[in-house]
Amino acid sequence: MFTIIMPVFQTPNILSLCLDSLAHSITMPTHIIIIDDGSPQESKLILEHFASSEHSLFQVSLRYHSESIGCPKSINEGLQAMSADEYTVFADSDVIFTNGWQENVHSIFQRDVRIGGVGGVLLYPQTGGIQNCGISYQNYRGRHIFLNNNPSCLSDMNYFPVQATVFAFFAARTTLVQQIGAIDEGFFNGYEDVDFQ
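Residues numbered from 1 in each chain as written. Predicted model: local features only at pLDDT ≥ 70, side-chain atom pairs only at ≥ 80, totals over all residues. Heavy atoms only, no water.

Trainee: Which residues make up the overall build of the protein, and what values go with them?
Mentor: Regarding its fold elements, the protein presents six helices and 10 strands. Whereas a compact globule of 197 residues would reach a radius of gyration of roughly 16 Å, the protein reaches 16 Å, a difference of no more than 12%. Summarising its shape, the C-alpha atoms of the protein cover approximately 45 × 40 × 35 Å along the three principal directions. Look at the contacts in the protein between residues 6 or more apart in sequence, and 73% of them connect residues 24 or more apart. Accessible area for the protein stands at about 10,700 Å²; split by element, carbon and sulfur atoms hold 51% of it. Charged side chains of the protein number 8 positive and 20 negative; the gap between the two group centres comes to 10 Å. (Helix = DSSP H or I, 4+ residues; strand = E, 2+ residues; numbered from the N terminus. Rg over C-alpha atoms; globule rule 2.2 N^0.38 Å. Contact = heavy atoms within 4.5 Å. Areas by Shrake-Rupley, 256 points an atom, 1.4 Å probe, with all protein chains shown as cover. Lys, Arg positive; Asp, Glu negative; His and termini not counted. Charge placed at Lys NZ, Arg CZ, Asp CG, Glu CD.)

Trainee: Any details on the sheet that holds strand β4 (residues 87-91)? Residues and values, ideally.
Mentor: Here six strands make up an open sheet; going across it, the order is β3-β2-β1-β4-β10-β5 and the pairing mixed. In the strand order of this sheet, the two ends are held by β3 (58-65) and β5 (117-119), each with one partner. Averaged over all adjacent pairs, the angle separating strand axes in this sheet is 15°, with direction ignored. Contacts from helix α2 (residues 41-52) reach β1 (2-8), β2 (30-37) and β3 within the one sheet, and its direction differs from that of β3 by about 150°. Helix α4 (residues 101-111) rests against β1, β2, β4, β5 and β10 (169-173) of the sheet, and its axis sits at about 40° to β10. (Pairing = 2+ DSSP bridges. Axes fitted to C-alpha atoms, helices over the stretch in contact; angles between N-to-C directions.)

Trainee: An account of α4 is needed here, citing residue identities and associated values.
Mentor: The complete set of buried residues in α4 reads Trp101, Gln102, Val105, Ile108 and Phe109. Taken around the axis of α4, the buried residues stretch over an arc of 135°, which confines them to a single face. Looking at the buried positions of α4, the neighbouring elements they touch are β1, α1 (12-25), β2, β4, β5 and β10. (Buried < 20%, exposed > 50% of the residue type's maximum accessible area, 1.4 Å probe, protein only. Arc of directions from axis to C-beta.)

Trainee: If you had to explain the environment of valine 113 to someone new, which residues and values would you point to?
Mentor: Position of valine 113 among the secondary structure elements: in the loop between α4 and β5. Residue valine 113 is classed as exposed on the basis of its relative accessible area, which comes to 71%. Along the sequence, valine 113 and arginine 173 sit 60 residues apart, while their C-alpha atoms lie 9.9 Å from each other.

Trainee: Go over the nonpolar core with me, naming the residues and quoting the values.
Mentor: Counting residues in each nonpolar core, the largest one holds 32 residues, and the members touching the most others are Leu22, Ile32, Phe97 and Trp101. Among the secondary structure elements, those contributing two or more residues to this core are β1, α1, β2, α2, β3, β4, α4 and β10. Residues within four places of isoleucine 32 in sequence aside, it is in contact with Ile4, Leu22, Ile26, Phe50, Phe58, Gln59, Val60 and Ser61. Formed by 14 residues, the second largest nonpolar core is a distinct cluster that contains Ile5, Ala172, Val177 and Phe196. (Core = buried A, V, L, I, M, F, W, Y, C linked by side-chain atoms within 4.5 Å.)

Trainee: An account of the pairing of β2 is needed here, citing residue identities and associated values.
Mentor: Moving residue by residue along a regular strand, the side chains alternate between the two faces of the sheet. Most of β2 is tucked away, with eight of its eight residues classed as buried. Here β2 shows a buried face lined by Thr30, Ile32, Ile34 and Asp36 and a second buried face lined by His31, Ile33, Ile35 and Asp37. On the question of chirality, the crossover connecting β1 to the parallel β2 by way of α1 is right-handed. You can see the chain leave β2, run along α2 and come back into β3, and the turn it takes is right-handed. (Right-handed = clockwise from strand over helix to strand, strands pointing away.)

Trainee: Lay out α2 in plain terms, naming residues and giving numbers.
Mentor: Across its 12 residues, α2 extends 17 Å between first and last C-alpha, which sits within 8% of the 16 Å expected from 1.5 Å per residue. Of the surrounding elements, those touching the buried residues of α2 are β1, α1, β2 and β3. (Expected span 1.5 Å × (residues − 1).)

Any functional reading would require information beyond the geometric quantities listed.
Here it is, written out as structure tokens:
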């Protein structure tokens, strides 16, 4: 049902937290495509252990780069390897996945056929405040909405429209991803997601 594309250029401690949270939060059939973009050797060992472990609900495909070629190229490599699952998820390797994320994504897509993509809510680990839950543009300048607010301010909203959503955790209908195609590799890292959206 889900394909997750995760480019990795990460330190071992953060990567371990990310992969542990991912493994413990998956409740639906999932294909995880990890593209190691030149991470340190300790991170490679963590990835190899994660990929070789037995999992009943997900399988892992692991690809390596000897040196970093960048996030957009790594994502495009993952797009070429993805399966025809119902949903495609783009996730950064420092995201901590919470229980119920797959059910929430699936529920939102099932409720409204007009929704093509869903972004998560990123919180600052130091404060618990909102880091990113969407971007609003005015006069050609993008602003993170609800920046530094307590997440409780979103409690009455199951989902809401934004001009650009979080790409560090972004789920889309795979049919839409296939129509859009590859990410423009000429964009500066951090802006390719806006181009994709």
